[in-house]
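# Per-entry structural report
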Amino acid sequence: MNQINEALQGLIQAIWEGEEYQRYQAVRAKVHEQPQLEQQIHAFRKKNYEVQNLTEEKKLYDQADKLEREGIEFRKDPLVNEYLNAELGICRLFQRINWELVQNIDFDLGFTIDA
């Protein structure tokens, strides 16, 4: 377990020093200087999360359309666009890390999930 903890700490350090994280932290600091804008960004992100977790198909498509239209308008602010892009970069990094773990660790669930 010690070897895993050391590797995990190394991964965390690499993330902290990485371009994606540095970019995210820099733009996050800029946004934090504008509390009203920061609140609007968080509200938009919350709506996005809620839409992604809808289960009713018709409602999902309607809400996703509405959110997309809002997002186009909201992203006209360069700082909002920069923040959301930086956040997406971090999310993609986490997805890539998770994907590599899942693909390279032999762990049999005993079942598959049909999409």
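Refer to the structure presented above.
The paragraphs below set out a description of the structure included in this document. Keep in mind that what you see is a predicted model, and the values were worked out from it rather than measured. (Residues numbered from 1 in each chain as written. Predicted model: local features only at pLDDT ≥ 70, side-chain atom pairs only at ≥ 80, totals over all residues. Heavy atoms only, no water.)

### Some details on helix α4 (residues 57–74)
Spanning 18 residues, α4 covers 25 Å between terminal C-alpha atoms, matching the ideal 26 Å at 1.5 Å per step. Burial in α4 covers these residues: L67, G71 and F74. The buried residues of α4 occupy an angular sector of 60° when projected down its axis, which confines them to one face. Turned more than 90 degrees off the buried face of α4, the exposed positions are K58, Y61, E68, R69, I72 and E73. Its buried side turned inward, α4 meets α3 (35–52) and α5 (78–104). (Helix = DSSP H or I, 4+ residues; strand = E, 2+ residues; numbered from the N terminus. Expected span 1.5 Å × (residues − 1). Buried < 20%, exposed > 50% of the residue type's maximum accessible area, 1.4 Å probe, protein only. Arc of directions from axis to C-beta. Contact = heavy atoms within 4.5 Å.)

### What to know about the packing of aromatic side chains
Scanning the model with the defined rule gives two aromatic pairs in all. When the ring of Y24 is compared with that of Y83, the centres are 5.8 Å apart and the planes differ by 45°; the resulting orientation is tilted. With Y24 in helix α2 (residues 19–32) and Y83 in helix α5, this pair connects stretches of sequence that are 59 residues apart. Across this residue pair, the class does not change: Y24 and Y83 are buried. With a centroid separation of 5.3 Å and 50° between ring planes, the pair formed by F44 and F74 is classed as tilted. Placement of the pair is F44 in helix α3 and F74 in helix α4, with a sequence separation of 30 residues. No difference in accessibility class separates F44 from F74, as the two residues are buried. (Phe/Tyr/Trp six-rings, centres within 6.5 Å; stacked < 30°, edge-to-face > 60°.)

### Focus on the pattern of salt bridges
Under the definition given, this model contains five salt bridges. Among the ionic pairs, K46 bridges to E50, the shortest N-O distance being 3.9 Å. Of this pair, K46 and E50 both sit in helix α3, four residues apart, which is roughly one turn of the helix. E50 gets classed as partly exposed once you look at its relative accessible area, which sits at 41%. The salt bridge partner of K76 is E73, with a shortest N-O separation of 3.1 Å. For the pair formed by K76 and E73, the shared burial category is exposed. (Salt bridge = Lys/Arg side-chain N within 4 Å of Asp/Glu carboxyl O.)

### Brief notes about the side chain of E38
Its location among the elements puts E38 in helix α3. It turns out E38 is buried and unbridged, and the closest side chain with the opposite charge, R28, is 5.9 Å from it. Looking at E38, its side chain comes within polar contact range of the side chain of H32, at 3.0 Å. Beyond its immediate stretch of four places on either side in the chain, E38 contacts V31 and H32. (Lys, Arg positive; Asp, Glu negative; His and termini not counted. Polar contact = N/O pair within 3.5 Å; in protein donor to acceptor, adjacent residues only side chain to side chain.)

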